[in-house]
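These are the residues of each chain, in order.
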Number of protein chains: 2
Amino acid sequence: MGTTERKRRQKQPLRERILDAARLIVTRDGFAALSMRKIADAIGYAPATLYLHFDSRDQIVRALCAEGYAQLLERFAPLAAIADPAERLKGLCRTYVAFGIEHPQSYRLIFMEDQPHTDAAFAGTAQAVDDSSDTASGLIARSLAQMKTAGRLPASADAAAWAEALWATLHGIVALHLMDATFPRTPLDTLVDTALDAWFGSAREPTSAAPSAAGVALDVPAALAPKRRSAKRPTAKPKAAQP
Amino acid sequence: MGTTERKRRQKQPLRERILDAARLIVTRDGFAALSMRKIADAIGYAPATLYLHFDSRDQIVRALCAEGYAQLLERFAPLAAIADPAERLKGLCRTYVAFGIEHPQSYRLIFMEDQPHTDAAFAGTAQAVDDSSDTASGLIARSLAQMKTAGRLPASADAAAWAEALWATLHGIVALHLMDATFPRTPLDTLVDTALDAWFGSAREPTSAAPSAAGVALDVPAALAPKRRSAKRPTAKPKAAQP
DNA sequence: GTCTATAGTCAGATAGAC
DNA sequence: GTCTATCTGACTATAGAC
């Protein structure tokens with residue numbers, strides 16, 4: 001074990017530098033502009049060296065993506081403590097949108113470009129309603145289910161369908177904004193609130209209990225250390241060339 | 001003029017064949033797989049020949065995109081005749097989603113990949129509320145404004161914000177589905193209806209502010225003919241390479 | 001571990017012969 | 001109008017010297 005440990009530790013520094021450089025390029029120029037050459041140039045190594053630490057460009061991309069997704073979940077984590085499901089949901093929605101705006105390239109990769117990872121993000125959706133899964137979708141679905149139980153959704157409502165539609169709304173807001181910066185003429189926060197009001201009737205008369213609209217601190221300080229938990233399955237997909 | 005006409009007509013056949021081939025490739029393999037060489041191979045010409053009819057690959061892509069957008073507007077056209085704004089809006093929403101599902105590659109290009117065209121699609125959004133603009137967003141915004149006038153939206157609602165949020169929902173549904181075919185576990189039509197019901201209260205009980213003015217359908221003058229205006233400024237953007 | 005050198009592909013676009 | 005031939009440049013990934 002000691003030997004293995006030491007070996008791994010020797011490798012880490014360069015691996016980190018590769019990821020750092022890759023993150024910089026991606027953040028600045030987008031994922032399409034990421035190439036092994038550019039990374040190598042950025043850290044002052046030859047392209048071939050990168051292959052000692054990553055099997056392929058794709059593996060680097062996946063590592064960055066996993067990082068971004070972990071960040072999103074970290075942002076969600078403190079919200080789980082909010083007892084009122086409506087308030088929690090509001091916080092989740094705002095945090096989701098804020099994340100997309102603040103980390104456009106990560107968001108693009110996770111939800112707009114890389115199908116495998118989009119699939120992964122959706123994986124838990126199905127049973128998430130009663131499961132306390134820690135996926136983005138699971139958290140939203142769970143809050144909605146609780147709200148239905150609390151009678152804040154129409155009895156006829158299908159909580160799972162609402163969760164899907166609500167997520168679509170959030171994704172649509174972020175995705176359209178990332179495609180065209182002028183998109184929401186309405187301020188983003190206002191737009192999210194508009195959507196929430198439309199869905200849950202805050203603008204409508206509060207039938208039973210009027211939530212006093214306790215302001216959710218939507219700025220989660222995020223003491224997040226960029227987690228480097230890289231993707232586990234190598235899943236070397238050697239690019240099926242089509243003749 | 002006669003000479004110009006004749007020249008243009010001589011060019012058209014091959015131009016069409018180029019576009020046909022390009023459309024096929026794009027529909028089958030996606031936009032990323034579209035290359036001048038593949039088009040040339042498909043129609044049995046040399047790559048260089050394509051440049052007699054198009055300045056660049058980008059111009060071909062734009063032509064396909066304009067085509068797709070015109071198709072979307074054509075699908076919308078007959079819906080303008082629906083007098084009841086709520087019914088019209090429902091039709092618009094379903095049509096929008098259906099188009100995205102049926103023409104995934106066109107949708108991707110217009111709204112998910114090509115920023116210039118996404119920008120163009122959004123261009124009319126601003127004044128569209130009182131304008132009978134023939135953009136996709138304009139049609140939705142106009143219907144919503146009419147619904148508000150008819151009292152079917154909360155008086156406090158900002159019709160423009162609702163329009164943006166509703167569009168985001170539709171886009172989110174389509175975009176997520178295109179990224180992951182398993183996305184809406186709920187059937188697509190059901191999901192759209194769920195959103196519409198939640199937003200406009202068909203499912204809610206008409207407690208106090210009932211849609212009393214059920215028949216207050218504002219008629220719509222806008223007879224928008226399926227405009228074929230392909231609207232393209234060549235805008236040759238020769239790909240700014242970044243050194 | 002790291003490098004140089006290179007293989008092998010693909011791409012967009014152009015020159016100039018026919 | 002159309003072709004062949006080529007320029008230019010991007011990329012991933014590998015082999016083998018140091």
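If you're wondering where the values come from, they're calculated on a predicted model, not measured in any experiment. (Residues numbered from 1 in each chain as written. Chains lettered and ligands numbered in written order. Predicted model: local features only at pLDDT ≥ 70, side-chain atom pairs only at ≥ 80, totals over all residues. Heavy atoms only, no water.)

A. Local environment of the overall build of chain A. Across its full length, chain A holds ten helices and zero strands. When the elements of chain A are put in sequence order from the N terminus, they spell out α-α-α-α-α-α-α-α-α-α. Considering chain A as a whole, with its 243 residues, one finds that 48% of them fall into the buried category. Within chain A, residue pairs in contact and separated by at least 24 positions form 65% of the contacts whose partners lie at least 6 positions apart. By element, 54% of the accessible surface of chain A is carried by carbon and sulfur atoms, the whole surface being about 12,200 Å². (Helix = DSSP H or I, 4+ residues; strand = E, 2+ residues; numbered from the N terminus. Buried < 20%, exposed > 50% of the residue type's maximum accessible area, 1.4 Å probe, protein only. Contact = heavy atoms within 4.5 Å. Areas by Shrake-Rupley, 256 points an atom, 1.4 Å probe, with all protein chains shown as cover.)

B. Main features of the packing of aromatic side chains. Residues and elements named next belong to chain A. The final tally for this structure, using the stated rule, is 16 aromatic pairs over all chains. Ring centres of Trp-162 and Trp-199 lie 5.2 Å apart, and the angle between their planes is 70 degrees; this geometry places the pair in the edge-to-face category. One end of the pair, Trp-162, is in helix H9 (residues 159-179); the other, Trp-199, is in helix H10 (residues 188-200), and 37 residues separate them in sequence. Across this residue pair, the class does not change: Trp-162 and Trp-199 are buried. (Phe/Tyr/Trp six-rings, centres within 6.5 Å; stacked < 30°, edge-to-face > 60°.)

C. A look at the UniProt feature "DNA-binding region" (unreviewed entry) in chain A. Look at the UniProt record and you will see "DNA-binding region" (unreviewed entry) annotated at residues 35-54 of chain A. Overall, residues 35-54 of chain A shows 60% helix and 0% strand. The separation of its end C-alpha atoms is 13 Å. (UniProt positions renumbered as here; feature names shortened; annotations may be inferred.)

D. Representation of H9(A) in the model. All names here are of chain A. Helix length check: H9, at 21 residues, gives a terminal C-alpha distance of 30 Å against a target of 30 Å (1.5 Å per residue), a fit within 8%. For H9, the buried fraction is high: 21 of the 21 residues fall into the buried class. For H9, the N-terminal capping position is held by Asp-158, with its side-chain oxygen 3.0 Å away from the main-chain nitrogen of Ala-160. (Expected span 1.5 Å × (residues − 1). Polar contact = N/O pair within 3.5 Å; in protein donor to acceptor, adjacent residues only side chain to side chain.)

E. Up close: the confidence of the model for chain A. Residues and elements named next belong to chain A. The pLDDT averaged across chain A works out to 78; a share of 73% of its residues lies at or above 70. The model gives residues 126-130 a pLDDT under 50, and that stretch makes eight contacts with residues more than four places away or in other chains. pLDDT under 50 marks residues 203-243. Its contacts with residues more than four places away, or in other chains, come to 40 contacts. (pLDDT = per-residue confidence, 0-100.)

F. Local environment of the relation of the copies chain A and chain B. Laying chain A over chain B is done by rotating through 180 degrees and shifting 0.0 Å along the axis; what remains is an RMSD of 0.2 Å. Classification of the inter-copy transformation places it as that of a two-fold axis. The residues that chain A uses at the interface reappear at the interface of chain B in 95% of cases, marking a shared surface. (Least-squares fit on C-alpha atoms with pLDDT ≥ 70 in both.)

G. Up close: the protein's contact with DNA strand D. Neighbouring residues of DNA strand D: 17 residues in total, closest Arg37(A), Tyr51(A), Arg57(A), Thr49(B) and Leu52(B). Restricting attention to atoms of DNA strand D within 4 Å of the protein, one finds that 59% of them are sugar or phosphate atoms. Between DNA strand D and Met36(A) there is a distance of 3.0 Å, counted from a phosphate oxygen to a backbone nitrogen or oxygen. Contacts to DNA strand D include Ala46(B), whose backbone N or O atom sits 2.9 Å from a phosphate oxygen. Among the secondary structure elements, those contributing two or more residues to the surface near DNA strand D are helix H2 (36-43) of chain A together with helix H1 (2-29) and helix H3 (47-50) of chain B. (Near = heavy atom within 4 Å.)

H. Expanded view of the side chain of Arg88(A). Mapped onto the fold, Arg88(A) is located in helix H5 (residues 85-102). Despite its burial, Arg88(A) pairs with no opposite charge; the closest candidate is Asp84(A), at 7.1 Å N-O. (Lys, Arg positive; Asp, Glu negative; His and termini not counted. Salt bridge = Lys/Arg side-chain N within 4 Å of Asp/Glu carboxyl O.)

I. Looking closely at the protein's contact with DNA strand C. Around DNA strand C, 18 residues are found, and the nearest of them are Thr49(A), Leu52(A), Arg37(B), Tyr51(B) and Arg57(B). Here Met36(B) contributes a backbone N or O atom positioned 3.0 Å from a phosphate oxygen of DNA strand C. One of the side-chain nitrogen or oxygen atoms of Arg37(B) is found 2.8 Å away from a base nitrogen of DNA strand C. Going through the elements one at a time, helix H1 (2-29) and helix H3 (47-50) of chain A together with helix H2 (36-43) of chain B are the ones with two or more residues in the surface near DNA strand C. Element by element, the count of residues in the surface near DNA strand C is highest for H2(B), at three residues.

J. Layout of the pattern of salt bridges. All names here are of chain B. The full count for this structure, using the stated rule, is 16 salt bridges over all chains. With a closest N to O distance of 3.0 Å, Asp-20 and Arg-23 form a salt bridge. Remark: Arg-23 and Asp-20 occur in helix H1; sequence separation between them is three residues, near one turn of the helix. The residue Glu-67 makes a salt bridge to Arg-23 at a minimum N-O spacing of 2.7 Å. Of this pair, Glu-67 sits in helix H4 (residues 57-76) while Arg-23 sits in helix H1; the two residues are 44 residues apart in sequence, bridging distant segments of the chain.

K. Representation of the interface of chain A and chain B. The partner chain B presents 42 residues to the 41 residues of chain A that form the contact. Summed over both sides, the interface between chain A and chain B buries roughly 3,700 Å², with carbon and sulfur atoms accounting for 62% of that surface. Where chain A meets chain B, there are zero salt bridges. Between the two partners, chain A and chain B, sit seven residue pairs in polar contact (both at pLDDT 80 or more). At the level of secondary structure, the elements contributing two or more residues to the side of chain A that touches chain B comprise helix H6 (104-113), helix H7 (115-123), H9 and H10 of chain A. Here the side of chain A that touches chain B takes 14 residues from H9(A), the largest share from any one element. (Buried area = accessible area lost by both parts, 1.4 Å probe.)

L. Region of the structure containing helix H10 (residues 188-200) of chain B. Helix length check: H10(B), at 13 residues, gives a terminal C-alpha distance of 18 Å against a target of 18 Å (1.5 Å per residue), a fit within 8%. Buried within H10(B) we find Leu188(B), Leu191(B), Val192(B), Asp193(B), Thr194(B), Ala195(B), Leu196(B), Ala198(B), Trp199(B) and Phe200(B). Structurally, H10(B) contributes buried residues whose contacts are with H9 and H10 of chain A together with helix H5 (85-102), helix H8 (136-149) and helix H9 (159-179) of chain B. Taken from the residues just after H10(B), Gly201(B) is the one with a positive phi, measuring 75 degrees.

M. Local environment of the environment of Phe76(A). Residue and element names in this part refer to chain A. Among the secondary structure elements, Phe-76 is positioned in helix H4 (residues 57-76). Between the C-alpha atoms of Phe-76 and Tyr-96, which are 20 residues apart in sequence, the distance is 8.1 Å. When residues no more than four places from it in sequence are discounted, the contact partners of Phe-76 are Leu-92, Thr-95, Tyr-96, Ala-136 and Leu-139.

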